[in-house]
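This is what each chain is made of:
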Amino acid sequence: MATNAATGATSQSVRSLRPHLNQRLAFNSTAGPALISSYGRRNLSLISKPYSIRLRVACAAKPQTVEKVCKIVKNQLALPDDSNVTGESKFAALGADSLDTVEIVMGLEEEFGISVEEESAQSISTVQDAADLIEEIISKQNP
């Protein structure tokens with residue numbers, strides 16, 4: 001160990017630190033899991049392991065469709081006209097329970113002249129989900 005006379009700081013040689021470096025350190029990064037290892041070598045190695053990325057592609061419904069869905073949701077839940085209902089609004093956050101959600105879907109079916117399957121209806125949790133589903137059903141009916 002050496003002492004710097006000007007600063008009074010002490011330093012250790014790299015050789016004395018080697019036992020501390022001979023260990024594996026694993027960490028997560030934004031690029032995925034990685035591994036740093038020295039294993040007695042003078043150079044550190046970095047190994048990045050690949051991982052899969054899941055992307056969700058969603059088509060955005062027309063603004064008119066979203067507005068109609070917002071209006072129907074407000075009517076079904078008896079919300080005041082000045083309440084803020086947007087495409088991102090979740091039915092549960094607006095106070096809807098499962099029965100309210102069924103009534104909303106029935107109102108949407110009546111307004112748009114469509115039929116929503118039960119499996120599809122269960123996947124609806126936001127106004128945007130409902131509007132996207134409506135657009136999808138309409139596009140299948142009119143190819």
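The preceding data block contains the structure.
Remember, predicted model here, so these are calculated numbers, not experimental data. (Residues numbered from 1 in each chain as written. Predicted model: local features only at pLDDT ≥ 70, side-chain atom pairs only at ≥ 80, totals over all residues. Heavy atoms only, no water.)

Draft legend 1. Just the overall build of the chain, in detail. If you tally the helices and strands in the chain, you get 5 helices and 5 strands. Reading the chain from its N terminus to its C terminus gives the helix and strand order β-β-α-β-β-β-α-α-α-α. The buried share of the chain, reckoned over its 143 residues, is 29%. Once local pairs closer than 6 in sequence are excluded, the contacts in the chain between residues at least 24 apart make up 41%. Roughly 10800 Å² of accessible area belongs to the chain as shown, and the carbon and sulfur atoms make up 53% of that amount. (Helix = DSSP H or I, 4+ residues; strand = E, 2+ residues; numbered from the N terminus. Buried < 20%, exposed > 50% of the residue type's maximum accessible area, 1.4 Å probe, protein only. Contact = heavy atoms within 4.5 Å. Areas by Shrake-Rupley, 256 points an atom, 1.4 Å probe, with all protein chains shown as cover.)

Draft legend 2. Main features of the nonpolar core. By size, the foremost hydrophobic cluster in this structure holds 24 residues, and its most contacted members are V69, V73, F91, L108, F112, V116 and V127. Breaking this core down by element, the ones donating at least two residues are helix 2 (63-76), helix 3 (98-112) and helix 5 (127-141). Counting residues per element, this core draws most heavily on helix 5, which supplies 6 residues. Not counting residues within four places of it along the chain, the set of residues in contact with V116 comprises V105, E109, A121, L133 and I137. (Core = buried A, V, L, I, M, F, W, Y, C linked by side-chain atoms within 4.5 Å.)

Draft legend 3. View of the pattern of salt bridges. Within the structure shown, the criterion is met by 1 salt bridge. For K140, the salt bridge identified is with E136, shortest N-O distance 3.3 Å. Of this pair, K140 and E136 are both found in helix 5, 4 residues apart, which corresponds to roughly one turn of the helix. Exposure remark for K140: the relative accessible area of 62% places this residue in the exposed category. For E136, a relative accessible area of 38% translates into the label partly exposed. (Salt bridge = Lys/Arg side-chain N within 4 Å of Asp/Glu carboxyl O.)

Draft legend 4. Fine view of the packing of helix 2 against helix 5. With their axes 9 Å apart at the nearest point, helix 2 and helix 5 run at an angle of 125° to one another. Here helix 2 is positioned oblique relative to helix 5, judged by the angle of their axes. Regarding helix 2 and helix 5, the two cross each other, and that crossing is right-handed. Contacts between helix 2 and helix 5 involve T65, V66, V69, C70 and V73 on the former and, on the latter, V127, Q128, A130, A131, I134 and E135. Along the lines of polarity and charge, the residues of the contact of helix 2 with helix 5 split into 8 nonpolar, 2 polar and 1 charged. (Axes fitted to C-alpha atoms, helices over the stretch in contact; angles between N-to-C directions. Parallel < 35°, antiparallel > 145°, perpendicular 65-115°, else oblique. Left-handed = near helix turned anticlockwise from the far one by under 90°. Nonpolar A, V, L, I, M, F, W, Y, C, P; charged D, E, K, R; others polar.)

Draft legend 5. Molecular detail of the packing of helix 2 against helix 3. Where helix 2 meets helix 3, the axes come as close as 10 Å, and the angle between the chain directions of the two elements is 130°. As judged from the angle between their axes, helix 2 and helix 3 are oblique. The hand of the helix 2/helix 3 crossing is right-handed. The segment helix 2 lies against helix 3, with T65, K68, V69, I72, V73 and Q76 engaging E103, I104, G107, L108, E111 and F112. Of the residues belonging to the contact of helix 2 with helix 3, the class tally is 6 nonpolar, 3 polar and 3 charged.

Draft legend 6. Quick peek at unusual backbone geometry. We note that A78 has phi near 55°; this positive angle belongs to a residue other than glycine. Given a relative accessible area of 66%, A78 falls into the exposed group.

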